[in-house]
Amino acid sequence: MKTEIRVEGLLDVPRTLQRFHLWGEDPANRLSPGVFRRAVKVAGRWRGYEVRWTGSVEGARLLVSTPGERSARVLEAAANEVARLCGLELDLEGFYRVAAGDPVLGSLVPRLRGLRPTLAPQPFEMLVGSVCAQQVNLSFAFAVKARLVRRFGTAIEVGGHTVYGFPEAERLARARVSELRRMQLTTRKSEYIVGLGRQVASGALDLAALGGCSNEEVVEALTAVRGFGRWTADWFLARHLGRGDACAAGDLAVRRAFEHFYNRGRPLDEAAVRRRAAAWGPYQNMAVHYLLAGRQLGAAAA
């Protein structure tokens, strides 16, 4: 089955999705030239889907298909994920109006026109990924997460290619710490992932319910989980819930971006970054995304 999403507003699909291969392999999110593949779980079964795109940044069209499937429910679930993966619910035009009054963002927007933050469709996947990324570079984090996905995920074929349904909480809850250690996760990170799996599997932590909570309530709930601090909670707000006023000010790359663009490379602490970001109000999330992308542009040019 197939459906088409006609994007309202601007969308640069390749640039938006490039994070899924920029730092290495992601077996749960397969990005190849012109096509993206992923699996979605519907009615207890993993089903694969493909996304292709046509048109320009001003008139992008997303073509979502579920090869071998005849269920409208599966196609709808896939289309809903694609909308989140491409950040379609975010107010890009509003952000551009705010960015026009900022000398840094105003210069980055023309170079990154149509870039949208990707939103992780599934909360458990987002949180496990955040554990993998704690205090390591993103290339190593991607490599470790890829091992985890291949070992505990569910492999399915999508259009002649293999993609993995992300490991479920119940399965990771039963994992042995020694198994995760062999994937080059530290002992503590292994314990954090198993502990998170147990809390989610038992119902002690309802991740879906966090979508109806305030930012402060989300931070409180997540920081009560062993191994999760404000850094994780801020990224969860920004990259899963898509909260516009979220800013991962404690992230080293975020601080370095603010220092580079706004403080002539001199150090800034977390509080100073939060104060600076607050000026963008409900567009902090997108502003941070553009600053990080701007740093990548600079690194590529160098």
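Residues numbered from 1 in each chain as written. Predicted model: local features only at pLDDT ≥ 70, side-chain atom pairs only at ≥ 80, totals over all residues. Heavy atoms only, no water.

Caption draft 1: Region of interest: a negative patch on the surface. Taken together, the side chains of Glu-216, Glu-217, Glu-220 and Asp-245 define an acidic patch exposed on the protein surface. Locating Glu-216 in the fold gives a position in helix α11 (residues 215-223). (Patch = residues over 30% accessible without salt bridge, like charges linked within 9 Å, V, L, I, M, F, W, Y side chains within 5 Å. Areas by Shrake-Rupley, 256 points an atom, 1.4 Å probe, with all protein chains shown as cover. Salt bridge = Lys/Arg side-chain N within 4 Å of Asp/Glu carboxyl O. Lys, Arg positive; Asp, Glu negative; His and termini not counted. Charge placed at Lys NZ, Arg CZ, Asp CG, Glu CD. Helix = DSSP H or I, 4+ residues; strand = E, 2+ residues; numbered from the N terminus.)

Caption draft 2: Spatial organisation of helix α14 (residues 270-278). Buried within α14 we find Ala-272, Val-273 and Ala-277. In an axial view of α14, the angular spread of the buried residues amounts to 130°, which keeps them on one side of the axis. (Buried < 20%, exposed > 50% of the residue type's maximum accessible area, 1.4 Å probe, protein only. Arc of directions from axis to C-beta.)

Caption draft 3: Representation of the packing of helix α6 (residues 123-133) against helix α12 (residues 230-239). For the pair α6 and α12, the least separation of the axes is 10 Å and the interaxial angle reads 140°. By the angle between their directions, the pair α6 and α12 is classed as oblique. As α6 runs across α12, the sense of the crossing is right-handed. Seen from α6, the contacting residues are Pro-123, Met-126, Leu-127, Ser-130 and Ala-133; seen from α12, they are Trp-231, Thr-232, Trp-235, Phe-236 and Arg-239. (Axes fitted to C-alpha atoms, helices over the stretch in contact; angles between N-to-C directions. Parallel < 35°, antiparallel > 145°, perpendicular 65-115°, else oblique. Left-handed = near helix turned anticlockwise from the far one by under 90°. Contact = heavy atoms within 4.5 Å.)

Caption draft 4: The pairing of strand β3 (residues 35-42), seen in detail. Within β3, 7 of the 8 residues are buried, leaving the element largely enclosed by the surrounding structure. Connecting the antiparallel pair strand β2 (residues 29-32) and β3 is a turn made up of 2 residues, with Gly-34 showing a positive phi of about 85°. In this structure, β3 lies alongside strand β4 (residues 45-54), joined through 7 bridges in antiparallel fashion. Looking at the pairing, Phe-36 lines up with Val-51 of β4. (Pairing = 2+ DSSP bridges.)

Caption draft 5: Highlighting the sheet that holds strand β1 (residues 2-6). Strand order across the open sheet formed by 5 strands is β1-β5-β4-β3-β2, with antiparallel pairing between neighbours. Of all the strands in the sheet, just β1 and β2 have a single pairing partner and so form its edges. Direction aside, neighbouring strands of the sheet carry axes that sit 25° apart on average. In this sheet, β3 lies alongside β2 in antiparallel orientation, the contact comprising 4 bridges. By the bridge assignment, Arg-30 is partnered in β3 with Arg-37. Those strands touched by helix α3 (residues 72-85) are β1, β3, β4 and β5 (61-65), and its axis lies near 125° from that of β3.

Caption draft 6: Here's a closer look at the packing of aromatic side chains. As enumerated under the stated definition, the model contains 8 aromatic pairs in all. Pairing Phe-20 with Phe-36 gives two aromatic rings, centres 5.3 Å apart and planes at 50°, and the pair type is tilted. Linking Phe-20 in helix α2 (residues 19-22) with Phe-36 in strand β3, this pair joins segments that are 16 residues apart in sequence. Taking 6.0 Å as the distance between ring centres and 50° as the angle between the ring planes, the aromatic pair formed by Tyr-262 and Trp-280 counts as tilted. Residue Tyr-262 is found in helix α13 (residues 252-262), and its partner Trp-280 is found in the loop between α14 and α15 (284-301); the two are separated by 18 residues along the sequence. Owing to a relative accessible area of 23%, Tyr-262 belongs among the partly exposed residues under this scheme. The buried category is assigned to Trp-280, whose relative accessible area is 5%. Through pairs of rings, three or more aromatic residues link up here, namely Phe-95, Tyr-96 and Tyr-290. The cationic tip of Arg-19 hangs over the ring face of Phe-20; the distance from NZ or CZ to the ring centre is 5.2 Å. Between the NZ or CZ atom of Arg-276 and the centre of the ring of Tyr-262, over which it lies, the distance is 4.4 Å. (Phe/Tyr/Trp six-rings, centres within 6.5 Å; stacked < 30°, edge-to-face > 60°. Lys NZ or Arg CZ within 6 Å of the ring centre and 35° of its normal.)

Caption draft 7: Here's a closer look at the environment of Ser-32. Checked against the element boundaries, Ser-32 lands in strand β2. Once the C-alpha coordinates of Ser-32 and Gln-18 are considered, the two residues, 14 residues apart in sequence, prove to be 9.6 Å apart.

Caption draft 8: How the structure looks around the pattern of salt bridges. For the structure on display, the rule yields 21 salt bridges. The shortest N-O distance in the salt bridge between Glu-25 and Arg-30 comes to 3.0 Å. For the salt bridge of Arg-150 with Glu-25, the shortest nitrogen-to-oxygen distance reads 2.7 Å. You can see Arg-150 sitting in helix α7 (residues 138-152) and its partner Glu-25 sitting in the loop between α2 and β2, a full 125 residues away along the chain. On the accessibility criterion, Arg-150 (37% relative accessible area) is partly exposed.

Caption draft 9: Structural context of the side chain of Arg-239. Counting through the fold element by element, Arg-239 comes out in helix α12. Although buried, Arg-239 forms no salt bridge, and the nearest oppositely charged side chain, Asp-251, lies 8.8 Å from it. Of the polar contacts made by the side chain of Arg-239, one reaches the side chain of His-289; its length is 3.0 Å. Residue contacts for Arg-239: discarding those within four places in its chain leaves Pro-117, Thr-118, Leu-119, Ala-120, Met-126, Asn-285 and His-289. (Polar contact = N/O pair within 3.5 Å; in protein donor to acceptor, adjacent residues only side chain to side chain.)

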